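# Fold and contact review
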Amino acid sequence: MIKRTSHKTSSDTDEGRTIFLRNVPFEMSELSLKELIERKFGETLYVKMVFSKLTQLPKGVAFIKFKDTESVEKVLEGEKTADKYYNSHVFRHKGNTIKDSKNFSTLILPPEIGIQFNGRRIFAHLALNRSEIAIIENKKVSKNISDKFCQSLDLFKKGLLLPGMKEAEGISNHDLRLRENSWKEIKIKMKNPNYEINRFRLCIRNIPTKINSSELKEIIIQEISKMCGPAVINLANEIVSEFEKSEYSSFSNKFNSRKILIDLKQNINSPKKCMLIFKRLINKVNIIRENSLKSSKSRGFAFVNTNSFSLSNAILGILNNNPKIFTSEKRPIVEFAIEDKRALFIQKRRTKNNFKRHERKTDDKRITQIS
């Protein structure tokens, strides 16, 4: 019995003879590209242009495999020469002087340098194998995660108070320990892609157990009302610009957001009326208790939901580490809440299903009444 020997077929890119081309003119065919390359750099084994699966049109990129590595070296040397030429010369394009332009494809290049077709530069790079591409993609993903992590941390740093900071002077050791533990927890969560910061929800810790939700809401409103007139007007302007951009608006009902926006614009110079509108932007204040019963003991922290990031940010600045809110020994620790995206998805799906179920019941009732 003859055993078949299995040979490990290496990828074309592993041999170092494959070149990746970009900025290939759409009017070029594989044959014309092959002739152009072979005329200047040497014999090729194949030329493969990439086409869109959706439109079946060329994507402007291609792969070329050469017979030997010497041709590849010629191509790469030509690329280096072209880059040096661009970086060391001043070009004139359409009557304007262009220096070190990134739009290389529109600039005039001497015909002996690089790869060109009808005056258009075709960029060449050594093709990467799949593992190298995967490494680059992972780096991009990790960079995006780290960028998101840094942006989120910037929000927390506004109210961050840790041992050794000047702002932490006068804070009790108990409060400092709470803040330090909270900061460690935040950093761990933000490194997890399943967690994200909620710009419209604040977490307030270190609350006396005797305070209930309505009392805490009154405290927040009272502290906001102590803002001076110019500060109120500035906050109102921030909220107006926020709503106009619609970047951070958490309103599910567009009509309500439009109405509040109109009211703010009409009363932008009246601090008292603006304060009344701010109250409308505070959605919910919820003290977390040991169980679902209202009479159960408070766990000492609460969540405050607002419809404006600017207002949430202002509340954080007013309440955080304020010794006049509760006591100097027990100061509120205020930070933006971190949400579990998986739990939020389940919650949204559950509410959606409940809403559909409620609609069915109402429809059934109407049908029975009509019949």
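Look above for the structure.
Throughout what follows, the structure given in this document is the object of discussion. (Residues numbered from 1 in each chain as written. Predicted model: local features only at pLDDT ≥ 70, side-chain atom pairs only at ≥ 80, totals over all residues. Heavy atoms only, no water.)

### A short note on the pattern of salt bridges
A full pass over the atoms with the stated rule returns nine salt bridges. Note that Asp83 and Arg121 form a salt bridge whose closest N and O atoms lie 3.1 Å from each other. Here Arg121 lies in strand β7 (residues 120-126) and Asp83 lies in helix α2 (residues 69-88), a separation of 38 residues in the sequence. A relative accessible area of 29% means that Asp83 is categorised as partly exposed. Among the ionic pairs, Lys226 bridges to Glu223, the shortest N-O distance being 3.1 Å. Assessed through its relative accessible area of 11%, Glu223 is described here as buried. Taken together, the shared-partner salt bridges in this structure form one network comprising Glu79, Asp83 and Arg121. (Salt bridge = Lys/Arg side-chain N within 4 Å of Asp/Glu carboxyl O. Helix = DSSP H or I, 4+ residues; strand = E, 2+ residues; numbered from the N terminus. Buried < 20%, exposed > 50% of the residue type's maximum accessible area, 1.4 Å probe, protein only.)

### Some words on a positive patch on the surface
On the surface, a cluster of positive charge is contributed by Lys352, Lys356, Arg357, Arg360, Lys361 and Lys365. Within the secondary structure layout, Lys365 lies in helix α10 (residues 341-370). By relative accessible area, Lys365 is classed as exposed at 56%. (Patch = residues over 30% accessible without salt bridge, like charges linked within 9 Å, V, L, I, M, F, W, Y side chains within 5 Å. Areas by Shrake-Rupley, 256 points an atom, 1.4 Å probe, with all protein chains shown as cover. Lys, Arg positive; Asp, Glu negative; His and termini not counted. Charge placed at Lys NZ, Arg CZ, Asp CG, Glu CD.)

### Structural notes on the nonpolar core
In this structure, Leu216, Ile220, Ile224, Leu264, Phe278, Ile282 and Leu311 are the most contacted members of the largest nonpolar core, which totals 44 residues. The element best represented in this core is helix α9 (residues 309-319), accounting for seven residues. Excluding residues within four positions of it along the chain, Phe278 makes contact with Ile224, Val232, Leu235, Ala236, Ile239, Leu264 and Leu311. Counting 18 residues, the second-largest nonpolar core is a separate cluster that includes Leu36, Ala62, Val72 and Ile122. (Core = buried A, V, L, I, M, F, W, Y, C linked by side-chain atoms within 4.5 Å. Contact = heavy atoms within 4.5 Å.)

### Let's talk about the packing of helix α5 (residues 213-225) against α9
It is the contact of α5 with α9, at a shortest axis distance of 10 Å, that shows an interaxial angle of 90°. Between α5 and α9, the interaxial angle falls into the category roughly perpendicular. Residues Ile220, Glu223 and Ile224 of α5 lie in contact with α9, whose contacting residues are Leu311, Ile315, Ile318 and Leu319. By residue class, the composition of the contact of α5 with α9 is six nonpolar, no polar and one charged. (Axes fitted to C-alpha atoms, helices over the stretch in contact; angles between N-to-C directions. Parallel < 35°, antiparallel > 145°, perpendicular 65-115°, else oblique. Nonpolar A, V, L, I, M, F, W, Y, C, P; charged D, E, K, R; others polar.)

### Details of the sheet that holds strand β1 (residues 18-22)
The antiparallel open sheet is built from five strands, whose spatial order is β2-β3-β1-β7-β6. Each edge of the sheet is formed by a strand with only one pairing partner; in this case those strands are β2 (44-51) and β6 (115-117). Direction aside, neighbouring strands of the sheet carry axes that sit 25° apart on average. Sheet analysis places β6 next to β7, joined by three bridges and oriented antiparallel. The residue of β7 that forms the bridge with Gln116 is Arg121. (Pairing = 2+ DSSP bridges.)

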